Structures are given as structure tokens and as C-alpha cells.
Amino acid sequence: MTDTLLPASTSTDAPPRHRGGVLAVGLVLGGALSVQFGSAVAALLFPRTGVAGAVTLRLTISAVLLLVVCRPRLRGHDRSAWLAVGAFGLALAGMNSLFYQAIERIPLGPTVTLEVLGPLALSVFTARRLASWCWAGLALAGVALLGQGGFDRLNPAGVAFAFGAGTMWAAYIVLSARVGGRFPGADGLALALTLAALVTLPLGIADGGAVLLEPEVLAFGAVLAVLASGLPYTLELLALRRMPTSTFAVLMSLGPAVATLAGWLVLRQALTATECVAIVLVIAASIGAVRVSAAVAGPPAPR
């Protein structure tokens, strides 16, 4: 999961040169590693801050950093632009809150695997092709396989939170495009993150209390904000200037695999062979659906 806003001006469908393409792939994978290891860092914070406290720390520090960097203009925007930012901010708050509630209950890899079904469903419904529904069937087979060990082993509430986070992720994708078309650069993201931080602040304070102001906790929160928001946003923005958006989307589909690696290395979360196969099936389905969606969209118009 990542708080990435993709400005239209940064995307390109021109084939990159070999060296630039390799660099771009490295940037995308670096962003994926950053955001998933950031999620693992968040899980380490839960015993001290509570889940809501960790969400508030991440969103608040990310918002402050982005406001300082972007200094977004507040004037000159119409009502529809502010409504888009408001909806985007609520989607961010919901996506992060539900995702963190999920990773408190089930391993990181399965959480991201279930969460990615939200964007996958959006891709399938957008493409409206038979091939897309076939990929959706493969994803459902992966989910069924993931449940072979019993969703009770994964914790039913955690599974429900992961599905909810996926729904909010799909909303985030739609709303990010609308905000990106109304605000320059990352201004819309900065304003939406600020709203998301304000929305989650009461629950965060109730959950974490004065612990949130402890220097060590603030330091962890800063690391979390950089790993989960600041660094991946920067790396992905640079990558999009060097590769087609369709290739970028395919690489982003590797999120569940990266999350599984982060969960194993940082949180010592071991998965069964069946669960690993299920994750691979969902990744394959996501990549296939992205490729069908890109084919339906066709080549970009000449500039």
C-alpha cells in the first residue's frame, strides 16, 4: 500500500531506453520495499501506541512533511476541487486505518494479498473484457486457496479489515486521478493527507495518549512516515518519468510478495506453502488484469 498520487504530466508511454528502464524498475521495487517494510515498522509500534495511534503518527508526520515541501495554495480552487480533496482525504484515512487494523490481526503478506483485490476488481470492471473476468477468477482461486488453512487461522476480523482496506484503495485510485487533475504537483495529496490526519487524530490520541509525544515513539513515527509515504512517493514519481504507466502498474502488482518478505524478515511471520502459492496466484491475476486494462486503453494519443 502506498499514498501515491500520479500527476498526469509525469506519465509516459514511450518505451524507455535499456539503462533508464532498468533504473526505473529498481526505483519501483525500491518504493515497494520501502512501503512494505514501513508497514512492518508500524506493526512494531502497535504495542506502544495502539493501532489508531500508529495511523495518526504516520498520517500526521507525512502531512507535515508534505505541507512543508509543497506549500500548497489554498486559494483559486472551486467547490468541486475541495470536495474531491475531502473525499480523497477520507479514503486515505479509511485505507490506512483498515489496513493497520488488519496487519495487527493477520500476517502482512496475506493482508496485502487480500487488499490488492480492491484495485484488481476496479481494473476488471473498467476493462469489461472476458479475459479480465478470467483473471478475476484466478484471483478468487487464490483467495480460496488462502482460506484452505482456514480463515479462522488468519482471524476473520483481520480478513474483513483487509477487504475493507482494498475497497478504500480502489476508491483512493479513482479519487487520486480526480485530485491530480485539479491540483498541481502533489498539492492535492498534501491537503488530503492533512484532512486524513485530522480525521484520525481523535482516535489516535484516545488510543495512544501521551505516548505519542515520547521522543522514541516520535522517531519511530518519522521513520514510518518516510518509509511508508515520503520515500516511495518520490521513487515512484521518478520511475513514472522513465517507464510506461502500464509497466509501472504491473510492477506494483508484486506488492503481496514484497509484503510477505517484509513480514518474514521483520516480524518473523512464516507462511505455509499453500498460502505462498495463493499469494502467487493473486499476483499473477493482478498482473494479467493490468495488462488487459492497458490493452483496452490502447496506445496514448500523439502529443
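Check the entry above for the structure.
Note that the structure is a prediction, hence the values are computed from the model and not measured. (Residues numbered from 1 in each chain as written. Predicted model: local features only at pLDDT ≥ 70, side-chain atom pairs only at ≥ 80, totals over all residues. Heavy atoms only, no water.)

Caption draft 1: The arrangement of the overall build of the protein in detail. Within the protein, the regular secondary structure consists of 12 helices and 0 strands. Reading the secondary structure of the protein in the N-to-C direction produces α-α-α-α-α-α-α-α-α-α-α-α. Within the protein, counting contacts between residues at least 6 apart in sequence, those at least 24 apart form 90% of the total. (Helix = DSSP H or I, 4+ residues; strand = E, 2+ residues; numbered from the N terminus. Contact = heavy atoms within 4.5 Å.)

Caption draft 2: Region of interest: the environment of Val 55. Among the structural elements, Val 55 can be located in helix α1 (residues 18-70). Remark: the alpha-carbon pair of Val 55 and Ala 93, spanning 38 residues in sequence, is separated by 8.3 Å. The contact partners of Val 55, leaving out residues within four places of it in the chain, are Asn 96, Ser 97, Tyr 100 and Thr 200.

Caption draft 3: Up close: the pattern of salt bridges. One pass over the full model with this rule turns up 3 salt bridges. As a salt-bridge pair, Glu 214 and Arg 48 come within 2.7 Å of each other at their nearest N and O atoms. Of this pair, Glu 214 sits in the loop between α8 (187-208) and α9 (215-240) while Arg 48 sits in helix α1; the two residues are 166 residues apart in sequence, bridging distant segments of the chain. For Arg 48, a relative accessible area of 36% gives the class partly exposed. The residue Arg 48 makes a salt bridge to Glu 216 at a minimum N-O spacing of 3.2 Å. With a gap of 168 residues between them, Arg 48 in helix α1 and Glu 216 in helix α9 connect regions that are remote in the sequence. Since its relative accessible area comes to 46%, Glu 216 is described here as partly exposed. Salt bridges sharing common partners tie together Arg 48, Glu 214 and Glu 216. (Salt bridge = Lys/Arg side-chain N within 4 Å of Asp/Glu carboxyl O. Buried < 20%, exposed > 50% of the residue type's maximum accessible area, 1.4 Å probe, protein only.)

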